[in-house]
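Now for the letters of each chain:
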Amino acid sequence: MASAPATPAGRPLNIILLGPPGAGKGTQAGKLVEDRRMVQLSTGDMLRAAVAARTPVGLEAKAVMDAGALVSDEIVTGILSERLDKDDVKRGFILDGYPRTAAQAEALAKLLAAKGMTLHHVIELAVDEEALVDRITGRFSCDRCGAGYHDRHKPPRIAVTCDVCGSHHFKRRPDDNEETVRTRLAEYRAKTAPILPHYEAAGLVRRVDGMAPIGGVEAAIAAILDA
Ligand SMILES: [Zn+2]
């Protein structure tokens, strides 16, 4: 809805969405973009855009990636810095998947301070890890129409037949296996969760039940933004 105001009060809000992989950050960020015209800043997208636009930092990133190396925090911060200077960010931004580490959180704080920008909320999608593993490892989708299913919670009504389009072909994401999910959860717990106390001390953390249905999570986030 292009006519929707950024917020009811018209005040643009800048937020970080935090939560382990699979908690639904991407889905919720997408809804905020759609409903409130906020700008979603995900490091992967920003990196690809900077490389394509051949910005100074984008060229630097390209050289590093072409050499098969990992892009450093410094480059990621540089790309974020370029992105934050664009006009659309004034509608309010959502950082999704960044910062992931204490060092990145520190770099972000410096960057925002230097630009005179404010971080309003750090919204954590809290999850029950066992329930999340169950949710992720059972999901699959129709290869033809994309309809989503789950082995245990939402199997097709007729075995191996899509309820929506009747296709017999389904697909699973290769990352949706228990070992990968547990590794990523452990990584989140070890590296990203430790940045929360820092934001808690600043009074910025708002916790939302990430295990609630998508609409419930959406409503909880809206309540925070409209408060
Ligand atoms: Zn289908």
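Quick notes on the rules
Residues numbered from 1 in each chain as written. Predicted model: local features only at pLDDT ≥ 70, side-chain atom pairs only at ≥ 80, totals over all residues. Heavy atoms only, no water. Helix = DSSP H or I, 4+ residues; strand = E, 2+ residues; numbered from the N terminus. Expected span 1.5 Å × (residues − 1). Buried < 20%, exposed > 50% of the residue type's maximum accessible area, 1.4 Å probe, protein only. Arc of directions from axis to C-beta. Contact = heavy atoms within 4.5 Å. Salt bridge = Lys/Arg side-chain N within 4 Å of Asp/Glu carboxyl O. Pairing = 2+ DSSP bridges. Donors = N, O, S within 2.8 Å, 3.2 Å for Na, K, Ca; no water. Tetrahedral: all angles 85-135°; square planar, octahedral: opposite > 155°, others 65-115°. Core = buried A, V, L, I, M, F, W, Y, C linked by side-chain atoms within 4.5 Å. Axes fitted to C-alpha atoms, helices over the stretch in contact; angles between N-to-C directions.

K.L.:
Sorry if this is basic, but what is going on with helix H9 (residues 214-226) here?
P.N.:
Each α-helix winds once per 3.6 residues, and so residues spaced three or four apart point in a common direction. With 13 residues, H9 should cover 18 Å at 1.5 Å per step; its first-to-last C-alpha distance of 18 Å lies within 8% of that length. Among the residues making up H9, those that are buried are Val217, Ile221, Ile224 and Leu225. Around the axis of H9, the buried residues are gathered within 95° of arc, so they sit on the same side. Where the residues of H9 are buried, they touch strand E1 (15-18), helix H1 (25-36), strand E4 (121-126) and strand E8 (205-209).

K.L.:
When you look at the pattern of salt bridges in this model, what are you seeing that I'm missing?
P.N.:
Side-chain pairs of opposite charge can arise whenever the charged atoms involved come near each other. Under the criterion given, the structure shown has 16 salt bridges. With a shortest N-O distance of 2.8 Å, Arg83 and Asp88 are connected by a salt bridge. Taking the shortest distance from any N to any O, the salt bridge between Arg182 and Glu178 comes out at 2.8 Å. With Arg182 and Glu178 both in helix H7 (residues 178-192) and 4 residues apart, this pair spans about one turn of that helix. When its relative accessible area of 31% is taken as the criterion, Arg182 is described as partly exposed. Given the relative accessible area of 41%, Glu178 is considered partly exposed. Residues joined in a network through salt bridges with shared partners are Glu124, Glu200 and Arg207.

K.L.:
Whenever I open this one, the sheet that holds strand E6 (residues 148-150) confuses me. Can you help?
P.N.:
The strands making up a sheet associate through hydrogen bonds between their backbones, and the pairing can be parallel or antiparallel. Read across the open sheet, the 3 strands follow the order E6-E5-E7; overall the sheet is antiparallel. Looking at which strands have only one partner, the edges of the open sheet turn out to be E6 and strand E7 (170-171). Relative to E6, strand E5 (residues 139-142) is paired through 3 bridges, and the arrangement is antiparallel. Residue pairing for E6: Arg139 is matched across the bridge by His150.

K.L.:
Please explain the coordination of the zinc ion as it appears in this structure.
P.N.:
Coordination angles at a metal have ideal targets, namely 109.5 degrees for four tetrahedral donors and 90 or 180 degrees for six octahedral donors. In the first shell of the zinc ion, the protein supplies Cys142 (SG), Cys145 (SG), Cys162 (SG) and Cys165 (SG), at 2.3 Å from the metal. Classification of the site at the zinc ion rests on its 4 donor atoms, whose angles at the metal span 103 to 115°, yielding the label tetrahedral. Going along the chain, you hit the donors of the zinc ion in the pattern C-x2-C-x16-C-x2-C. With Cys142 in strand E5 and Cys162 in the loop between E6 and E7, this residue pair connects regions lying 20 residues apart in the sequence. In this pair, the class of Cys142 matches that of Cys162, namely buried.

K.L.:
Just checking my understanding: could you explain the nonpolar core for this structure?
P.N.:
In globular proteins that are soluble, nonpolar side chains generally tend to be buried together. Ranked by size, the top nonpolar core spans 31 residues in total, and within it Leu80, Val122 and Tyr199 carry the most contacts. A per-element tally of this core places helix H4 (residues 73-84) first, with 5 residues. Contact partners of Val122, with chain neighbours within four places excluded, come to Ile16, Leu18, Leu196, Tyr199, Leu204, Val205 and Arg206. With 15 residues, the next largest nonpolar core counts Leu13, Ala23, Ile221 and Ile224 among its residues.

K.L.:
In this structure, what is going on with the sheet that holds strand E2 (residues 39-41)? I would like to understand it.
P.N.:
Strand order across the open sheet formed by 5 strands is E2-E3-E1-E4-E8, with parallel pairing between neighbours. Whereas interior strands pair on both sides, the edge strands pair on one side only; in this sheet they are E2 and E8. In this sheet, neighbouring strand axes are inclined to one another by 25° on average, regardless of whether the strands run parallel or antiparallel. In the sheet, E2 pairs with strand E3 (residues 93-96) via 3 bridges, with the strands oriented parallel. Looking at E3, one finds that Leu41 is bridged to Leu95. Lying on the sheet, H4 is in contact with E2 and E3; it crosses E2 at an angle near 170°.

K.L.:
Whenever I open this one, the side chain of Thr161 confuses me. Can you help?
P.N.:
As for its placement among the helices and strands, Thr161 is situated in the loop between E6 and E7. Judged by relative accessible area, which is 15%, Thr161 ranks as buried. Not counting the four nearest positions on each side in its chain, Thr161 is found in contact with Pro156, Gly166, Ser167, His168 and Phe170.

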